Amino acid sequence: MQSFFYDTYIGLLILTFAEALALLVPLLIGVAYLTYAERKVLAAIQLRKGPNVVGPFGLLQPFADALKMIMKETIIPAGANRLLFLMAPMLTFSLAMIAWAVIPVNAGWAIADINVGILYLFAISSLGVYGIIIAGWASNSKYAFLGALRSAAQMVSYEVSMGFVLVSVLLCVGSLNLTDIVLAQHRVWFCLPLFPMFIVFFVSALAETNRSPFDLPEGESEIVAGFFVEYSAMAFALFFLGEYANMILMSGMTTILFLGGWLGPFGILPQLGPLWFILKVCFCLFVFLWVRATFPRYRYDQLMRLGWKVFLPLSLLWLTLTAAALMVFGWLPNA
Amino acid sequence: MIANIAFYVCSIILLASAALVVSSRNPVHSVLFLILSFFNAAVLFLIAGAEFLALILVIVYVGAVAVLFLFVVMMLDIDFAELRSGFQRYLPVGATVGAVLFVELVFVLGGWEFAPQAPVLRFSPAPANVSNTAALGRLLYTDYIFLFQAAGILLLVAMIGAIVLTLRDRKTSRHQSIRAQTDRTVAETLELVTVTVGAGVKEIGILRPKPVDPEPVEEVHHGN
Amino acid sequence: MNWVLALPEIVLSLVAMVILIFGVLRQDDSFFLSSMFALGGFLLAALLVLTTGSGIGYHGQFVADAFSSLVKILILAGAGLSLILSLDYNRHNHIARFEFPVLMLLSVTGMMVMASASNLMTLYLGLELQSLGLYVLAAFARDDLRSSEAGLKYFVLSALASGLLLYGVSLVYGFSGTMDFAALARTLTIPQSASPGLIVGIVFVLVGLAFKISAVPFHMWTPDVYEGAPTPVTAFFSTAPKVAAFALLLRTMATPFGHQLIAWQTLIIIVSVASMILGALAAIGQSNIKRLMAYSSIGHMGYALIGLAVGTPEGVRGVLIYLIVYVFMSAGTFACIIAMQRRGRPLELITDLNGLSATDPALALAMAIFMFSMAGVPPLAGFFGKLYVFLAAVQGGLWTLAVIGVLTSVVGSYYYLRIVKLMYFDAPEEPFDPRPTALSFVAGATGLFTAFFFVFPAPFVGAAQAAAKVLFG
C-alpha cells in the first residue's frame, strides 16, 4: 500500500491531492470565519454586537454571505477586457492558495518541503500584485486603474524592505528551508533578537495585503473601492477570499519567521505542534484586525515615505548589524 | 519521464509566448506574455535542478521588473496604428538582415567545434553535495567578489544618473513637515466658542480656521 | 587573495561615495568642495597606482602591471584636467552640481578597471561602468536640448555597441570555454585552432571596442556628442575614455588574441585607414570647433590604430606615446575652447577666433601650439606621437599604412593651420571675457608639455616601452 502511494505516479498524484485537500479545506473554512471574526472583533472594539442573527451568535453568517454572492449575477462592464477581467480574481485567489504548499504546520507537515521555501513564499507574495493590477486595467474604469497603480507602487515598495528582513532571518538560520528556519528558533524565537525586523516585517505584511492603515488601493472615500469597484458576485467574492487568505498566509509567514512556528513557548508541550501554530497565526490575525480598528489610513506620500525613507534604511542597517554581530561573536550557522 | 514531458511543454509555451510578445497587438498583452515566458523559463530552471535561479527569476523579473513594465505600458498612450505603420515598409530590409544573420549563425554553428581544452577550462563545475544556493553564494562572494562589487557600483551609477537627470524640485509642491504637525498645540488650532441654543450662522458668524501666515516657499536646491 | 592590487579603484569609488553622502546631506552649494575632493581622490589614486605592486589578483580577473599603471596615470591625468576645466564652466552654465565629480569619479573607476581587465567579464563590467557615467555626463545640462540629445544618442548607439561586444564575448566563451585572458591565450596558441565562430566573436568584440574609441565606421555618434555635451565633458570624452578604451583594445588584441594576429590585422588596417581619411576630409567643412575636434579625434584614433595593426611591441609603444601626447594636447585645446566666451556666453564657431592674437596673444599662442602639434609639425609633441607610430609601421613592413598616414596628416594640417591663420591674420573682433585662472593653468601646463616634449621624451618613451613589453611578455 505504501509503495503504491510513494512509488507510482498515480499514487503520488492521489497522495498530493489528498494532502492539498487536507490543507485547503480547513484553510477555506478559516478564511470564512476570519471574515466573521473581523466583524466581531471590530464590533467589540467599537462597542457594538456584530453579526448575531444567522445561527447561534451569528456563526452561520459567513455561509449566508457566500450563498448571497453565489446567487448574484457577475457583471462585466462594457469595454472591459473580458478574459483578463475574469482572470484577475482567479489569479489573486489561487496565488493565495498555492503559497500554502510549502508552509510547515508541524515538523514534516508540509506538502512540499523544498530547499528554497522562503524564496518560494516571497516569489508568490510578490506575484499578488498582478491580480490587482490586471483587475484595475481590465475593468476599463478610472477608479479601478488608480487603485491598481497605487497598489502596484505600494507592494513593490514594501517588498524591498521585506526582502532585507528575510535576508537577516536567513543569516541567522543559514538555510532557505522553512522547517530549518523554525527549528533554528528552538532556543529563542527570532522576534526577540530581531525585534525591529519583526515590526518592519509585520507592517510590510499589512502593506502587502493592502490592509488598513495601508488600504489605499481600495480607498473607499476617494476612489470608491479601488481596483475591484467593477466586480460583483463570485468575482468579487474571490477577491475578498483572496485578501483574507493572504492575511492568513502573511500571519503564517510571520509565525514561521519570527514566532517559532509550531514550537511551544519555552519548549512546553511539543506534541501540540499544529495547535501552537494555529494559535500564533490567530494572534497575528487578531493584530491585523486590531490595527484596522485603531489606525486611520495613511496618506499616499506618507506611505511611500515610510517604505523608502524609514523601513528601507532601518532594515538595511539592522541587516548590517545582524551580519556584524553574527560574524564578531562567531554565531554564524554552518560556519 | 514526467520531467521530459514538462520540459517539452514548458519549452513550447515559452517559445510560443515569446513569439506572442513581439507579435501581439496590445502592448499590455505583450507584457503579460513576457511574464508567461519568464515563468516557463523559471520552470525550465527548476527542471534543470537550479531552484534558486528559478525563484530569483520569478522574484526579480516577474515580481519587480515586469510590474514596472506593465505599469509604464498601461500608463502610456500608445498609438498602435502608428507604431505598426512602418512594419510593411521595413519588413523587406528587416527580413533580409535577419536572414543574413540566420545564415551566418547556421554557418558558424555548423562549424561548431569546442577548443580541445574547453572542458578543462570550465570555470566552475557544479559541486557535489552542496545545494545550489550555497554553491552560487560561494562562487559569487569569493571567486567573483570583484565583479560582484563592480556590478554594485554600476547600479549605483545608474541610480545617480536617473536622479541627476530627472529629479526636479517643483517650487509649488508642499512638503509635509512632521515636526510642525506634532509640535502644534491645541491653543494654536482650536477655538472653543459657546453657542447658545438655537443660534444660527447669522448670529455667530462663520467660523474659519485661524489665518496662518503663508509659509515662505523655500527654494530647495539639490546641490546647486 | 591579493585585493590590494585594486586599491586605487577601491579608493576612488569610496571617495565617490563619501562625496555623494556629503553632497546629499549638505543642502547648499557643494560643487566646488566636491570637485576638490574628487581632484584629491584622483591624486591619491595616482599615488596608489605608482606605489602598489604588480600582479594578478581576484582569481585572474584583475591584473596590475606596467601597462595598466601607465594607462591609469594617463586616465587620471585626463580626468583631473577635465575636472579642473569644469570648475568655472559649470558654474557659469548652471550645471554646478555635486553629482558631476561623483559621476566622473565612478566613470574613471570603470576606466581603470578596463585598464586592468584580464577577463572578458571584467572587461565588460569596466566598460559599462565607464559608459553609464559618460551617458549621464553627456546629458548633464539637462535643460539644454542639445545636451540631452547628445546623451540619448550616445546611450542608444553605445548600448548597441555593448550588445555586439557581449555577443562577441559569448561567442568567444562558447568556442573556447574560458573568459580568462591568460587561458584564452594558451587555448589559442596555434592560429589554425581557431574556429570560425571564435573569429566571429573576436570581430564582434573588436567592433564594440572600436565604437568606444570612435573609429570609422563606428564613429557616427562622435560629432553630435562632442557638440552637444557641455564642453568640459567633451574634453573629458576626448581624453580619459579614449585612453581607457584604447588600452582595453590593445590588451584584448595583444594578450588573449595575440596569436590570432592574422585574423584581425586586416580589419584593424581597414578601420585605421578609414578613420584617418575621414578624420582628415570631414573636418575641413566644419564651422563648429567642437565638431571639428570630434573629427580630429577620429583621425587621431586612426593614426594610433596603425600601431596596433603592426602587432609588435614597437607598435604598442608607439600607440602609448601617441596617447600620452594626445591626452595633454587635447585637454589643452579644450581649455582654449572653454576660454572662448563673450559676455558670459560660450562660443563655438571657428570664426569667433578671428584675430585672437591681437586681443589675447597668450591664448592665441597656446592654441597655435596645440594646432601645430595636432597637425604633427616638428618639434612639437604631436610630431613625436606620429613619428613612433609610423616608425613601427615601417619596421613592421606596413609601408602603405605609413604612407597613407603621412598623406592624411598633410591633408589634415589644412584645417589645423586654418585656425592658426584665422587667429593671426584675420581682423580682430571683440575680446573674450577674462580667463579664469584654472583655464590658464591647464592651457599653460599642457602647452608647455606639448612644446617641450622633445626635450625630455626619454621617461615617457621608457614607460611606454616597459608597458608594451608586458603586453607581449
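Model, not experiment: these values are computed from the prediction.

Criteria and cut-off values
Residues numbered from 1 in each chain as written. Chains lettered and ligands numbered in written order. Predicted model: local features only at pLDDT ≥ 70, side-chain atom pairs only at ≥ 80, totals over all residues. Heavy atoms only, no water. Contact = heavy atoms within 4.5 Å. Helix = DSSP H or I, 4+ residues; strand = E, 2+ residues; numbered from the N terminus. Buried < 20%, exposed > 50% of the residue type's maximum accessible area, 1.4 Å probe, protein only. Polar contact = N/O pair within 3.5 Å; in protein donor to acceptor, adjacent residues only side chain to side chain. pLDDT = per-residue confidence, 0-100. Axes fitted to C-alpha atoms, helices over the stretch in contact; angles between N-to-C directions. Parallel < 35°, antiparallel > 145°, perpendicular 65-115°, else oblique. Left-handed = near helix turned anticlockwise from the far one by under 90°. Nonpolar A, V, L, I, M, F, W, Y, C, P; charged D, E, K, R; others polar. Buried area = accessible area lost by both parts, 1.4 Å probe. Phe/Tyr/Trp six-rings, centres within 6.5 Å; stacked < 30°, edge-to-face > 60°.

Novice: Honestly, the arrangement of the chains in this entry has me stumped. Any pointers?
Specialist: Contacts are most numerous between chains B and C, taken over all two pairs of chains that touch. There is a clear gap between chain A and chain C: no contact, and 14 Å between their nearest C-alpha atoms.

Novice: What am I meant to see in the side chain of Ser-147 of chain C here?
Specialist: Residues and elements named next belong to chain C. Its place among the elements puts Ser-147 in helix α6 (residues 145–176). Judged by relative accessible area, Ser-147 falls into the buried class, the value being 0%. Here the side chain of Ser-147 touches Ala-138 through a polar contact of 2.8 Å, landing on its backbone oxygen. Beyond its immediate chain neighbours, meaning those up to four positions away, Ser-147 contacts Ala-138, Ala-139, Phe-140, Ala-141, Gly-228 and Pro-230.

Novice: I'm lost on the side chain of Ser-297 of chain C in this one. Help?
Specialist: If you trace the backbone, Ser-297 of chain C turns up in helix α13 (residues 289–310). Once residues lying within four places of it in the same chain are set aside, the contact partners of Ser-297 of chain C are Ser-214, Thr-222, Tyr-226, Lys-242 and Tyr-326 of chain C.

Novice: Help me understand the confidence of the model for chain A in this model?
Specialist: Any residue range with low pLDDT should be treated as having predicted coordinates unsuitable for detailed reading. In this model, chain A carries an average pLDDT of 85, and 97% of its residues clear a pLDDT of 70 or more. Predicted confidence in chain A is weakest over helix α9 (residues 220–223) of chain A, with a mean pLDDT of 66, and strongest over helix α8 (residues 195–208) of chain A, with 90.

Novice: How do you make sense of the packing of helix α14 (residues 313–338) of chain C against helix α20 (residues 458–472) of chain C when you look at a structure like this?
Specialist: For any two helices packed against each other, one specifies the crossing angle of their axes together with the interaxial distance. All names here are of chain C. Their axes nearest at 8 Å, the elements α14 and α20 cross at an angle of 135°. Classified by the angle their axes make, α14 and α20 are oblique. As α14 packs across α20, the resulting crossing turns out to be right-handed. Along the contact surface, α14 presents Pro-313, Val-316, Arg-317, Leu-320, Ile-321 and Ile-324, while α20 presents Phe-460, Val-461, Ala-464, Gln-465, Ala-467, Ala-468, Leu-471 and Phe-472. Looking at the contact of α14 with α20, its residues break down into twelve nonpolar, one polar and one charged.

Novice: Explanation requested: the interface of chain B and chain C in the structure shown.
Specialist: Note: interface size is frequently given as the accessible area lost on complex formation between the parts. Facing 39 residues of chain B, the contacting portion of chain C comprises 49 residues. Buried surface at the junction of chain B and chain C, summed over both partners, amounts to about 3700 Å²; 72% is from carbon and sulfur atoms. Seen at the junction of chain B and chain C, the total is six residue pairs in polar contact (both at pLDDT 80 or more). Those elements giving two or more residues to the side of chain B that touches chain C turn out to be α4 (80–110), α5 (118–121), α6 (132–143) and α7 (145–166) of chain B. Here the element with the most residues in the side of chain B that touches chain C is α7 of chain B; it accounts for 16 residues. A breakdown of the residues in the side of chain B that touches chain C according to their chemical character gives 26 nonpolar, nine polar and four charged.

Novice: Whenever I open this one, unusual backbone geometry confuses me. Can you help?
Specialist: The step from Val-216 of chain C to Pro-217 of chain C runs through a cis peptide bond, and the omega angle for that step is 5°. Not every positive phi belongs to a glycine, and Asn-140 of chain A is a case in point at roughly 55°. Looking at where Asn-140 of chain A falls in the secondary structure, it is placed in the loop between α5 (117–138) and α6 (142–173). In the Ramachandran plot, Tyr-58 of chain C falls in the positive-phi region, its phi being about 55° despite a non-glycine side chain. One can find Tyr-58 of chain C in the loop between β1 (55–57) and β2 (62–64). For Tyr-58 of chain C, a relative accessible area of 7% corresponds to the buried category.

Novice: Just checking my understanding: could you explain the packing of aromatic side chains for this structure?
Specialist: How two aromatic rings sit relative to each other is given by the distance of their centres and the angle of their planes. Inspection of the entire model under this criterion finds 40 aromatic pairs over all chains. Pairing Phe-195 of chain A with Phe-198 of chain A gives two aromatic rings, centres 6.3 Å apart and planes at 50°, and the pair type is tilted. Residue Phe-195 of chain A and its partner Phe-198 of chain A are located together in helix α8, separated by three residues, close to a single helical turn. Judged by relative accessible area, which is 46%, Phe-195 of chain A ranks as partly exposed. Owing to a relative accessible area of 15%, Phe-198 of chain A belongs among the buried residues under this scheme. With 5.3 Å between their ring centres and 45° between their planes, Phe-38 of chain B and Tyr-61 of chain B make a pair best called tilted.

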